[in-house]
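Chain and residue survey
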Amino acid sequence: MTFKIDATDDNARACTIETAHSKIVTPVFMPVGTSATVKALDTFDMREHLDTKIILANTYHLYLRPGEKVVEELGKLHGFTGYDRSFLTDSGGFQAFSLSDISVADDNGILFRSHIDGSKHYFTPSKVLDIQYSLGSDIMMILDDLVALPATKERLKLSVARTTKWAKESIAYHRFKQSTGTGIDQNIFAIIQGGVDKEFRKISAQSLCELDFDGFAIGGLSVGEENSLMYETVEYTTPFMPVEKPRYLMGVGTPEDLVENIERGVDMFDCVMPTRNARNGTLFTTFGKVNIKAARYKTDQNPIDPACSCYTCRRYSRAYLCHLYRAKELTYFRLASMHNLHYYLTLMSQAREAIMKGEYSLFKKEFYSKRV
């Protein structure tokens with residue numbers, strides 16, 4: 001992987017990341033394809049309609065179904081899905097923590113029960129990397145010890161210590177595997193923890209960022225804390241992260257969250273929000289949210305967003321989308337998801353353009369001024 005900073009505007013950055021499968025310009029939003037598919041969309045939609053350069057898949061879900069060895073035998077993620085651009089895979093630690101009836105972390109890993117059949121499994125730092133080697137993702141996230149917020153100082157201290165221990169094990173294991181010819185084109189990111197506690201964020205960032213990872217993520221946010229605390233934590237943490245490597249804020253978030261955290265120096269984002277909200281009838285626009293199931297849209301012939309050039313807005317009206325949603329037609333999920341992702345991707349493109357021009361503060365001001 002290569003990484004280059006193309007421009008900065010105060011703390012905001014426009015960068016280029018090049019993996020074995022694609023060139024990714026930042027700021028970038030990565031659509032979430034948990035089970036090797038972005039819900040309601042196919043590879044053609046992702047490539048031709050949305051022109052995505054990277055999507056996220058999940059280690060936990062693919063390990064349980066269909067199994068990483070099945071994916072490997074069928075051409076790894078790129079061959080299995082037909083999507084020949086970049087994949088980032090999460091470690092699966094969050095899902096092991098959040099989806100299991102039993103999830104117990106110890107100093108060596110996480111014991112959890114499958115949400116599919118109740119079977120027990122154990123993730124260790126090397127185990128999740130072995131799964132990701134089989135998946136063939138371009139960027140692999142390491143196992144970290146996630147903490148639900150609010151948390152005690154004792155639990156945060158333990159989380160940071162475990163995350164650091166697992167990071168050291170992960171980087172040593174990955175470099176060893178690379179020396180044997182495994183995972184040569186795959187990159188590895190560490191995840192900074194510490195909740196919203198500045199002391200622990202500093203300890204975690206300093207401990208991890210001295211290690212030879214290809215990039216660094218901020219994890220454990222957008223889990224119920226107030227937005228102001230999230231922004232404050234990101235603003236405090238990013239200065240401890242290497243300037244010359246990508247910065248990824250995991251699981252965030254709303255359009256406002258993206259705009260705010262780009263300003264604080266973040267390069268990469270992912271979130272289920274655009275596709276999940278689309279399926280539930282909420283569409284994002286330049287002027288705010290549209291609740292497409294509302295009766296007011298039953299005869300509205302305008303596009304979802306007159307300023308949008310997506311496939312959906314160029315062809316269909318709010319009235320048609322309202323009808324599809326109310327009739328529970330499956331076509332609605334595709335058209336709405338495509339629109340919401342297009343909105344997020346366009347927002348990132350506009351942010352990048354503003355950074356390149358040194359006009360990010362003006363872009364942010366205009367972004368908020370349009371919202372009602």
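Being a predicted model, the structure only gives us computed values, none of them experimental.

**Some words on the sheet that holds strand S1 (residues 2-9)**
If you walk across this open sheet you meet the 3 strands as S1-S2-S3, and the pairing is antiparallel. Edge positions in the sheet fall to S1 and strand S3 (23-25), since each has one partner strand and no second. For this sheet, the mean inter-axis angle between neighbouring strands, taken without regard to orientation, is 10 degrees.

**Examining the nonpolar core**
If you look at the biggest cluster of nonpolar residues, it comprises 87 residues, and the most contacted ones within it are Phe213, Leu249 and Tyr360. Beyond its immediate stretch of four places on either side in the chain, tyrosine 360 contacts Asp9, Ala12, Leu258, Val259, Ile262, Glu263, Ala351, Ala354 and Ile355.

**Topic: the pattern of salt bridges**
Counted by the stated rule, this structure contains 26 salt bridges. Aspartate 51 is the salt-bridge partner of arginine 85, the closest N and O atoms lying 2.8 Å from each other. Of this pair, arginine 85 sits in the loop between helix H4 (76-81) and strand S6 (86-90) while aspartate 51 sits in the loop between helix H1 (43-49) and strand S5 (54-58); the two residues are 34 residues apart in sequence, bridging distant segments of the chain. With relative accessibility at 41%, the residue aspartate 51 sits in the partly exposed group. In this structure, aspartate 212 engages lysine 245 in a salt bridge whose closest nitrogen and oxygen atoms are separated by 3.9 Å. Of this pair, aspartate 212 sits in the loop between helix H8 (198-209) and strand S12 (215-218) while lysine 245 sits in the loop between helix H9 (227-237) and strand S13 (247-249), placing them 33 residues apart in sequence. By relative accessible area, which is 47% here, aspartate 212 ends up partly exposed. Among the residues examined, lysine 245 registers a relative accessible area of 17% and is labelled buried.

**Regarding the packing of helix H10 (residues 255-263) against helix H15 (residues 360-369)**
The geometry of H10 relative to H15 is characterised by a closest axis approach of 11 Å and an angle of 165 degrees between their N-to-C directions. One way to sum up the angle between H10 and H15 is to call them roughly antiparallel. The crossing of H10 and H15 is left-handed. Contacts between H10 and H15 involve Pro255, Glu256, Leu258, Val259, Glu260, Ile262 and Glu263 on the former and, on the latter, Tyr360, Phe363, Lys364, Phe367 and Tyr368. Taken together, the residues that form the contact of H10 with H15 break down as 8 nonpolar, no polar and 4 charged.

Parameters and conventions
- Residues numbered from 1 in each chain as written.
- Predicted model: local features only at pLDDT ≥ 70, side-chain atom pairs only at ≥ 80, totals over all residues.
- Heavy atoms only, no water.
- Pairing = 2+ DSSP bridges.
- Helix = DSSP H or I, 4+ residues; strand = E, 2+ residues; numbered from the N terminus.
- Axes fitted to C-alpha atoms, helices over the stretch in contact; angles between N-to-C directions.
- Core = buried A, V, L, I, M, F, W, Y, C linked by side-chain atoms within 4.5 Å.
- Buried < 20%, exposed > 50% of the residue type's maximum accessible area, 1.4 Å probe, protein only.
- Contact = heavy atoms within 4.5 Å.
- Salt bridge = Lys/Arg side-chain N within 4 Å of Asp/Glu carboxyl O.
- Parallel < 35°, antiparallel > 145°, perpendicular 65-115°, else oblique.
- Left-handed = near helix turned anticlockwise from the far one by under 90°.
- Nonpolar A, V, L, I, M, F, W, Y, C, P; charged D, E, K, R; others polar.

Purely spatial values, then, with no claim about function.
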